[in-house]
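# A look at the structure
Single-letter residue listing:
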Amino acid sequence: TIENALNRENITKREYSILKILIKKQTIQSADIKHLFPWKFASEISRNIRELKNKKMISPINENSRKYRLNFTNNYLIRWIIKSLRDNNFLSLED
């Protein structure tokens with residue numbers, strides 16, 4: 001589903017890479033994605049995380065936590081999840 005969002009340019013390649021890791025691990029922190037951006041400073045990686053939080057794609061697992069989980073309130077993500085569920089006959093929604 002995030003592949004669809006990437007193909008439709010709803011998310012960037014950077015966001016796709018981070019979300020892909022998050023989907024596999026279920027929770028992430030900045031150290032988990034550092035290898036994606038070895039040339040960036042820690043503050044720049046934190047900025048990438050903040051951008052995903054601002055877009056409501058991720059949220060902290062607890063208040064003031066620096067570990068994050070996928071947030072399903074984002075329209076782009078939920079749209080593709082629902083489409084994937086429907087395409088695989090897990091949902092029967094009328095158009």
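Described in the following lines is the structure provided in the data block.

Definitions and cut-offs
Residues numbered from 1 in each chain as written. Predicted model: local features only at pLDDT ≥ 70, side-chain atom pairs only at ≥ 80, totals over all residues. Heavy atoms only, no water. Phe/Tyr/Trp six-rings, centres within 6.5 Å; stacked < 30°, edge-to-face > 60°. Buried < 20%, exposed > 50% of the residue type's maximum accessible area, 1.4 Å probe, protein only. Lys NZ or Arg CZ within 6 Å of the ring centre and 35° of its normal. Salt bridge = Lys/Arg side-chain N within 4 Å of Asp/Glu carboxyl O. Helix = DSSP H or I, 4+ residues; strand = E, 2+ residues; numbered from the N terminus. Expected span 1.5 Å × (residues − 1). Arc of directions from axis to C-beta. Contact = heavy atoms within 4.5 Å.

## Points about the packing of aromatic side chains
Within this structure, the stated rule accounts for 1 aromatic pair. Centre to centre, the rings of Phe-37 and Trp-39 are 6.1 Å apart; their planes meet at 80°, and the pair counts as edge-to-face. The exposure class of Phe-37 is buried, given its relative accessible area of 6%. Given a relative accessible area of 61%, Trp-39 falls into the exposed group. When the ring centre of Phe-37 is taken as origin, the NZ or CZ atom of Lys-40, which lies over that ring, is 4.9 Å away.

## Side note on the pattern of salt bridges
Inspection of the entire model under this criterion finds 3 salt bridges. The closest approach of N and O atoms between Glu-15 and Lys-55, which form a salt bridge, is 2.5 Å. In this pair, Glu-15 is assigned in helix H2 (residues 13–25) and Lys-55 in the loop between helix H4 (42–54) and strand S1 (58–60), connecting sequence segments 40 residues apart. By relative accessible area, Glu-15 is classed as buried at 2%. A relative accessible area of 39% places Lys-55 in the partly exposed class. One salt bridge connects Lys-25 with Asp-32, and the closest N-O pair in it is separated by 3.3 Å. Lys-25 sits in the partly exposed class, given a relative accessible area of 43%.

## Overview of H4
End to end, H4 covers 18 Å across 13 residues, agreeing with the expected 18 Å (1.5 Å per residue, within 8%). By the burial criterion, the buried members of H4 are Ile-45, Asn-48, Ile-49 and Leu-52. For H4, the angular spread of buried residues about the axis comes to 95°, placing them on one side. As for H4, its buried residues are in contact with H2, helix H3 (30–33), S1 and strand S2 (68–70).

## Focus on unusual backbone geometry
The backbone of Gln-26 shows a phi angle near 80°, a positive value even though the residue is not glycine. In this structure, Gln-26 sits in the loop between H2 and H3. Positive phi, close to 60°, is recorded for Asn-89, a residue that is not glycine. Here Asn-89 shows up in the segment after helix H5 (75–87).

As far as function goes, none of this settles anything; it's purely spatial.
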